[in-house]
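# Overview (structure and organization)
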Amino acid sequence: MTIAVTGSIATDHLMRFPGRFAEQLLADQLAHISLSFLVDDLVVRRGGVGGNIAFAMGVLGGAPVLVGAVGADFAEYRGWLEQHGVNCDAVHTSTTAHTARFVCTTDEDMAQIASFYPGAMSEAREISLADVVEKHGVDLVLIGANDPDAMIRHTEECRQLGIPFVADPSQQLARLDGRQAEALIDGAEYLFTNEYEWGLLKQKTGLTDDEIRAKVGMRVTTLGGDGARIVDADDNWIQVGVVPERAKVDPTGVGDAFRAGFLLGHRAGLGVERAAQLGSLVAVHVLETTGTQEWVFDRADALKRLADAYGSTAADEIAAIL
């Protein structure tokens, strides 16, 4: 099983605001908003949707192929990913632009205000998935938030090549129109969104729950502290709770981590419930860490946390693929 992960590859600049954004926002003045927040700290970490998901799969032993575009400043990041089991042969290096930047400030409520500079990511549209599939024997392609033209190209290529794909438009839904959003999900083996993105997707496309279900094999909606809901093509659904956190440090990348664990588990033969439980385990590791790729996987401790959260049977079944 080889999963190709397409998506943004970026450097994260993460800051913490010692207050609540909600207390600084005046409802009757939003049209004239002009705010500056004095933050407590700044950490610079490796990130990007594609990088985060591929890293987590690599840590779990999945050996994913990362597909995306970066700048010449990517060398150290590349070494880090390869050290953690990620194949970077399909990463395109720009000769003119820097690797993308994600700048995010998180408040005491875990609310976030962020911006994203695409940089070299815009050249991802030049990457041919056909070459990647042929060279690496890819069985599944995850199409994550990326240059919009790249997302559309990669989705069309998957349909033409007959390769199962995962639709994960996430943050780029804000940039896509309804026609583009519908094109990205049509025929997907899996559709991932969080709860807000699910509503935005329906609003933009004008599609109902039933109409979207007819276009995808399985819909996975993450619900924050309430876990995740998975709905199949026959409208059977299950909701899986979270692994209790030991601390809430930073939510950046938690959704990426869930996707990595879920997809790796499900493609390795776990049922939907077990795959979601593995996803939740990976997600909580990220929640408890500053930075999306700074967490460490201790197998014995992880299995104990699974047993405590979901029971020994769940832990034993998941242990078989780790």
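Attention now goes to the packing of aromatic side chains. Applying the stated rule across the entire model yields 9 aromatic pairs. Centre to centre, the rings of Phe 21 and Phe 37 are 4.9 Å apart; their planes meet at 65°, and the pair counts as edge-to-face. You can see Phe 21 sitting in the loop between strand E2 (10-16) and strand E3 (41-47) and its partner Phe 37 sitting in the loop between E2 and E3, a full 16 residues away along the chain. Its relative accessible area of 4% is what places Phe 21 among the buried residues. Ring geometry for Phe 192 against Phe 262: centres 5.8 Å apart, planes inclined by 80°, an arrangement best described as edge-to-face. Placement of Phe 192 in strand E10 (residues 190-194) and of Phe 262 in helix H8 (residues 254-267) is noted, with a sequence separation of 70 residues between them.

Within an α-helix, residues lying three or four positions from one another point in the same direction, as the helix has 3.6 residues per turn. With 14 residues, H8 extends 20 Å from end C-alpha to end C-alpha; this agrees with the ideal 20 Å at 1.5 Å per step. Within H8, 10 of the 14 residues are buried, leaving the element largely enclosed by the surrounding structure. When H8 is considered as a whole, its buried residues turn out to be Asp 256, Ala 257, Phe 258, Arg 259, Ala 260, Gly 261, Phe 262, Leu 263, Leu 264 and Gly 265.

Now for the pattern of salt bridges. Across all of its chains, the model carries 19 salt bridges by this definition. Here Arg 125 makes a salt bridge to Asp 147, at a shortest N to O gap of 2.6 Å. Of this pair, Arg 125 sits in the loop between strand E7 (112-117) and helix H3 (129-136) while Asp 147 sits in the loop between strand E8 (140-143) and helix H4 (148-161), and the two are 22 residues apart along the sequence. Owing to a relative accessible area of 4%, Asp 147 belongs among the buried residues under this scheme. Between Arg 305 and Glu 288 there is a salt bridge, and its shortest N-O distance comes to 2.6 Å. Highlighted residues: Arg 305 in helix H10 (residues 299-310) and Glu 288 in the loop between helix H9 (272-287) and H10, separated in sequence by 17 residues. Several salt bridges converge on common partners, so that one network encompasses Arg 20, Glu 108 and Asp 109.

Cut-offs and rules
- Residues numbered from 1 in each chain as written.
- Predicted model: local features only at pLDDT ≥ 70, side-chain atom pairs only at ≥ 80, totals over all residues.
- Heavy atoms only, no water.
- Phe/Tyr/Trp six-rings, centres within 6.5 Å; stacked < 30°, edge-to-face > 60°.
- Helix = DSSP H or I, 4+ residues; strand = E, 2+ residues; numbered from the N terminus.
- Buried < 20%, exposed > 50% of the residue type's maximum accessible area, 1.4 Å probe, protein only.
- Expected span 1.5 Å × (residues − 1).
- Salt bridge = Lys/Arg side-chain N within 4 Å of Asp/Glu carboxyl O.

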